[in-house]
Amino acid sequence: MRPDHAAAQRLAGPGPAPVIRTETLRRTLPAQCVAVARWLGRQMEKRRSRLALLEMSDEQLKDIGLSRGQVYSEFKRQLRN
C-alpha cells in the first residue's frame, strides 16, 4: 500500500527554506519605502495638529469643546503613540 502523501511529508520533516528572489525584493522594497513615507507623513501631521492645539487660547479651545487638560493629554499621547 502507498503511504499517504501528507504523512510522507510529515515524516520527511520541514523542507528547505523558501528562496527569496532578487526580483521579488526589487518589487517589494519600493512598496515598503512608500508605506514608511506615508506613515512618517501621518506622524508629522499629527504632531503639527497637536502643536496647533497647544498654541490655542483657552477661549478658542472652549469653542471647539476641549479643555487645556485634554489638549495636554493628547500632546503627551504623541510621545507614546
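Reading the values: rules and limits
Sequence order sets the numbering: in each chain, residues are counted from 1 along the sequence as written. Residues qualify for local features only when their pLDDT is at least 70, as the model is predicted, and side-chain atom pairs are given and counted only at 80 or more; totals for whole chains, interfaces and linings, by contrast, use all residues. The basis for the side-chain values is all heavy atoms of the structure; hydrogens and waters are excluded. Confidence of the predictor at the level of single residues is given by pLDDT, which spans 0 to 100. Helix numbering and strand numbering both begin at the N terminus, where a helix is a DSSP run of H or I of at least 4 residues and a strand a DSSP run of E of at least 2. The term salt bridge refers to a side-chain nitrogen of Lys or Arg lying within 4 Å of a carboxyl oxygen of Asp or Glu. Throughout, exposure labels follow a simple rule: accessible area from a 1.4 Å probe, protein chains only, divided by the maximum for the residue type, with under 20% read as buried, over 50% as exposed, and the rest as partly exposed.

Student: I'm lost on the confidence of the model for the chain in this one. Help?
Tutor: Predicted coordinates in regions of low pLDDT should not be interpreted in detail. Put simply, the chain has an average pLDDT of 81, and 69% of its residues get 70 or more. Ranking the helices and strands of the chain by mean pLDDT puts helix α3 (residues 58-63) first, with 94, and helix α1 (residues 5-12) last, with 66.

Student: What is the right way to look at the pattern of salt bridges in this model?
Tutor: For side chains bearing opposite charge, pairing can occur when the charged atoms are close. According to the stated counting rule, one finds 4 salt bridges in the structure shown. The partner of glutamate 45 in a salt bridge is arginine 48, and the shortest N-O contact between them spans 3.0 Å. In this pair, glutamate 45 and arginine 48 both sit in helix α2 (residues 22-55), 3 residues apart, roughly one turn of the helix. Taking relative accessible area as the criterion, glutamate 45 reaches 43% and is therefore assigned partly exposed. For glutamate 74, the salt bridge goes to arginine 77, with nearest N and O atoms at 3.6 Å. Taken together, the residues span about one helical turn, with glutamate 74 and arginine 77 both in helix α4 (residues 68-80) at a distance of 3 residues.

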